[in-house]
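# Reading the structure
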Amino acid sequence: MAEPDQSAEFRPVELGGQEFPPSGVKEEPEQTHPQNDGPEFTNNQHLLKKFFAARPGAYEQATEDLTNQLLTKEKEVVKCTWLLAEVDHWNNEKERIILMTEKSLYICKYDFIMLSCQQIQKVPLNYIDKICHGPFTFPPRSLEKREGDGLRIHWDKLREVTFFSRWNPLSEDLPYTTFTDHPLKNCSLKFSELCQISSLADRLVQAVQEAHRETPVPGRANGVLFLKQPNLIETYVGITSFIANRNKLGYSLARGSVGF
């Protein structure tokens, strides 16, 4: 087992048993092809080979390392995990591991190539006040496009987003984050359960409601609002996000070899 990476940066958000076959019976080898997981999954062997997160044992190693870090540094026990894509306010996709404990939601930037955690963002569940689930939309004259749905999580409705933060592509102090399905969601039964925002939404709403009841925040109206509505991304041209998303630059990906 790899030792937990103690150098990962924690960034709190700003707040206002096995069964064996009978003797003499030959055990059939386990089938790992995604087409055998069910008729609803397509044959995406190339994706399973391309994404480092899908390499045998990679996701399990990552979640084990992160679980150990949270237990050591935060004294919290991880209850469930997801592998999703975070969409920033400039429409850039970034691969993320999401972990939920009894008190917090952790958004982890993990390098599946080096098997090391680079950053962990902590969101207390009792500060989450709004969750929006719906399709992505853009301003009327925007050249940007994005298919699918997003799950936007707000944790400080009292804080206004500044002009600088809104238009700074590197800004990390926004009081919300947005997730969408990971590209591996249709590759196998395992990743179908881990890589869809609908699974996170169901568990998150329940966990946030319980957190508000157990540990209400003084001076704030406690409770979470869950809405089915579009998620607006205020970008207009999107040249950088088009290049980054088209080439999956936000993912740990096998990109081939280059020779000279």
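Per an unreviewed UniProt entry, the protein chain is named HSac2 domain-containing protein, and its organism is Hymenochirus boettgeri. Comment text from UniProt for the protein chain, heading Sequence similarities (unreviewed entry), reads "Belongs to the TPRG1 family."

Our next topic: the nonpolar core. Of all hydrophobic cores here, the largest spans 29 residues; its most connected members are Leu66, Leu83, Ile97, Leu99, Phe112, Leu184 and Phe191. Contributing elements (two or more residues each) for this core: helix 1 (45–50), helix 2 (58–74), strand 2 (80–87), strand 3 (93–100), strand 4 (104–111), strand 5 (116–124) and helix 4 (189–194). The dominant element in this core, judged by the number of residues it contributes, is helix 2, at five residues. Those residues in contact with Phe112 that lie beyond four places of it in its chain are Phe52, Ala53, Ala58, Tyr59, Ala62, Leu83, Glu95, Ile97 and Ser252. Ranked by size, the runner-up nonpolar core spans 26 residues in total, among them Ile98, Leu125, Ile197 and Ala211.

Quick look at the side chain of Ser241 now. Counting through the fold element by element, Ser241 comes out in helix 6 (residues 239–246). Apart from residues lying up to four places away in sequence, Ser241 is in contact with Trp90, Asn91, Asn92, Glu144 and Arg246.

Our next topic: the pattern of salt bridges. Pairs may arise between side chains of opposite charge once their charged atoms sit close together. Evaluation of the coordinates by the stated rule reveals seven salt bridges. For the salt bridge of Glu60 with Lys190, the shortest nitrogen-to-oxygen distance reads 2.7 Å. Note that Glu60 is positioned in helix 2 and Lys190 in helix 4, a separation of 130 residues in sequence. A relative accessible area of 38% means that Glu60 is categorised as partly exposed.

This part takes up a nonpolar patch on the surface. Residues Leu143, Phe163, Trp167, Tyr236, Val237, Ile239, Phe242, Ile243 and Leu249 make up a contiguous nonpolar surface patch of about 1,000 Å² in total accessible area. Breaking the nonpolar patch down by element, the ones donating at least two residues are helix 3 (163–167) and helix 6. Among the elements that take part in the nonpolar patch, helix 6 stands out by supplying three residues, more than any other. Within the secondary structure, Val237 is located in the loop between strand 10 (231–232) and helix 6. On the basis of relative accessible area, Val237 is assigned to the partly exposed category, the value being 48%.

Throughout the structure, instances matching the rule amount to two aromatic pairs. Between Phe51 and Tyr251 the ring centres are 5.6 Å apart and the planes differ by 85°, which places this aromatic pair in the edge-to-face class. Of the two residues, Phe51 is situated in the loop between helix 1 and helix 2 and Tyr251 in the segment after helix 6; the sequence distance between them amounts to 200 residues. Above the plane of the ring of Phe52 lies Arg55, whose end atom (NZ or CZ) is 4.4 Å from the centre. Cation over ring: Arg146 sits above Phe136, and NZ or CZ is 5.5 Å from the ring centre.

About the criteria used
- Residues numbered from 1 in each chain as written.
- Predicted model: local features only at pLDDT ≥ 70, side-chain atom pairs only at ≥ 80, totals over all residues.
- Heavy atoms only, no water.
- UniProt positions renumbered as here; feature names shortened; annotations may be inferred.
- Core = buried A, V, L, I, M, F, W, Y, C linked by side-chain atoms within 4.5 Å.
- Buried < 20%, exposed > 50% of the residue type's maximum accessible area, 1.4 Å probe, protein only.
- Helix = DSSP H or I, 4+ residues; strand = E, 2+ residues; numbered from the N terminus.
- Contact = heavy atoms within 4.5 Å.
- Salt bridge = Lys/Arg side-chain N within 4 Å of Asp/Glu carboxyl O.
- Patch = residues over 30% accessible without salt bridge, like charges linked within 9 Å, V, L, I, M, F, W, Y side chains within 5 Å.
- Areas by Shrake-Rupley, 256 points an atom, 1.4 Å probe, with all protein chains shown as cover.
- Phe/Tyr/Trp six-rings, centres within 6.5 Å; stacked < 30°, edge-to-face > 60°.
- Lys NZ or Arg CZ within 6 Å of the ring centre and 35° of its normal.

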